[in-house]
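# Fold and contact review
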Amino acid sequence: MEEQFLLRVPPSVAERIERLLNENNPSSSSSEDKSLDLSFSEDGRSGTFVIGNDHLSASLLDLPCVVESCKTYDDSSLVKTADIGQMVMVRESGDAAPDVIEYRHGLTPPMRDARKRRFRREPDLNPELVSRVEKDLLKIMAGGTADNVEAAEPEEGDENARGANKKPAPTPTPVPKHNIPDTPTNAGEPDRTDSDESDDSV
């Protein structure tokens, strides 16, 4: 796997970078576009992008979703090379720096405002409630009981009402046994086997 990032620059700078990359002999290019540099400050989020003699402000932003990058050797099969989760945004001199560390939009038009439109909203939970439930769960898993839990005992009137609604279980009735004669009904006939019943004409 490779380490990659996205570089988003203004259109005018993009043309200069593309022209510099497409030239076969970089030494013959103009001196103003011959050097490219990117450096960051101690916070790791703000920096400076240098192209030729121009110094532009840059910011490192997190993407709202991970983007896979691929390469191909035969224009048919794609090979995944990296998961890209950050983008370096280069700004013009008059543009204000972003006040967030996560970029609002994705890379494609369907991912515009992705965090708000496509991702599930985080539930509004009280941190104290979450901590208390976690402690109770750990106690229950350890064999204890949860705190602040009262066992609900049924009231006396409720028990009488429940007992009145219950129907008594029916008593099983004995099944009468019929007298079976000791002598079989076909005592005068010989026993017939499967071979006797078979058809001899076959």
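Each remark here, short or long, concerns the structure printed above.
Right, let's walk through the structure included here. (Residues numbered from 1 in each chain as written. Predicted model: local features only at pLDDT ≥ 70, side-chain atom pairs only at ≥ 80, totals over all residues. Heavy atoms only, no water.)

## So, the pairing of strand β4 (residues 54-71)
- Here strand β3 (residues 46-51) pairs with β4 via six bridges, running antiparallel. Along β4, the bridge assignment pairs S46 with S59.
- As judged from the 11 bridges shared by β4 and strand β5 (residues 79-91), these two strands associate in the antiparallel manner. Bridged to S69 within β5 is A82. (Pairing = 2+ DSSP bridges. Helix = DSSP H or I, 4+ residues; strand = E, 2+ residues; numbered from the N terminus.)

## Quick look at the sheet that holds β5
- The strand order β1-β5-β4-β3-β2 describes an open sheet built from five strands, whose pairing is mixed. Strands with a single pairing partner mark the edges of an open sheet, and in this sheet they are β1 (6-8) and β2 (36-40). Adjacent strand axes in the sheet meet at a mean angle of 35 degrees when their direction is disregarded.
- Those strands touched by helix α1 (residues 11-22) are β2, β3 and β4, and its axis lies near 55 degrees from that of β3. (Axes fitted to C-alpha atoms, helices over the stretch in contact; angles between N-to-C directions. Contact = heavy atoms within 4.5 Å.)

## Quick look at the pattern of salt bridges
- Summed over the entire model, instances satisfying the criterion amount to five salt bridges.
- Measuring nitrogen to oxygen at the nearest pair gives 2.7 Å for the salt bridge that ties R16 to D54. Residue R16 is found in helix α1, and its partner D54 is found in strand β4; the two are separated by 38 residues along the sequence.
- For D54, a relative accessible area of 33% puts it in the partly exposed group.
- A salt bridge links E68 to K80, with the shortest nitrogen-to-oxygen separation between them at 3.4 Å. Taken together, the residues span a long stretch of sequence, with E68 in strand β4 and K80 in strand β5 at a distance of 12 residues.
- A relative accessible area of 36% places K80 in the partly exposed class.
- Here the salt bridges share partners, and the residues they tie into one network are E68, K80 and D83. (Salt bridge = Lys/Arg side-chain N within 4 Å of Asp/Glu carboxyl O. Buried < 20%, exposed > 50% of the residue type's maximum accessible area, 1.4 Å probe, protein only.)

## A look at the nonpolar core
- In terms of nonpolar packing, the biggest core is built from 10 residues, these being V9, V13, I17, F49, I51, L56, A58, L60, V88 and V90.
- If you list the elements that add at least two residues to this core, you get α1, β3, β4 and β5.
- Among the elements that line this core, the one with the most residues is β4, at three residues.
- Apart from the residues lying within four places of it in its own chain, the contact partners of V9 are A14, I17 and V90.
- Grouped together as the second largest cluster of nonpolar side chains are six residues, L61, L63, M87 and M89 included. (Core = buried A, V, L, I, M, F, W, Y, C linked by side-chain atoms within 4.5 Å.)

## Focus on the side chain of S59
- With respect to the helices and strands, S59 occurs in strand β4.
- Relative accessible area serves as the criterion here: at 8%, S59 is assigned to the buried category.
- A polar atom in the side chain of S59 sits 2.5 Å from the side chain of R91.
- The contact partners of S59, leaving out residues within four places of it in the chain, are R45, M87, V88, M89, R91 and P98. (Polar contact = N/O pair within 3.5 Å; in protein donor to acceptor, adjacent residues only side chain to side chain.)

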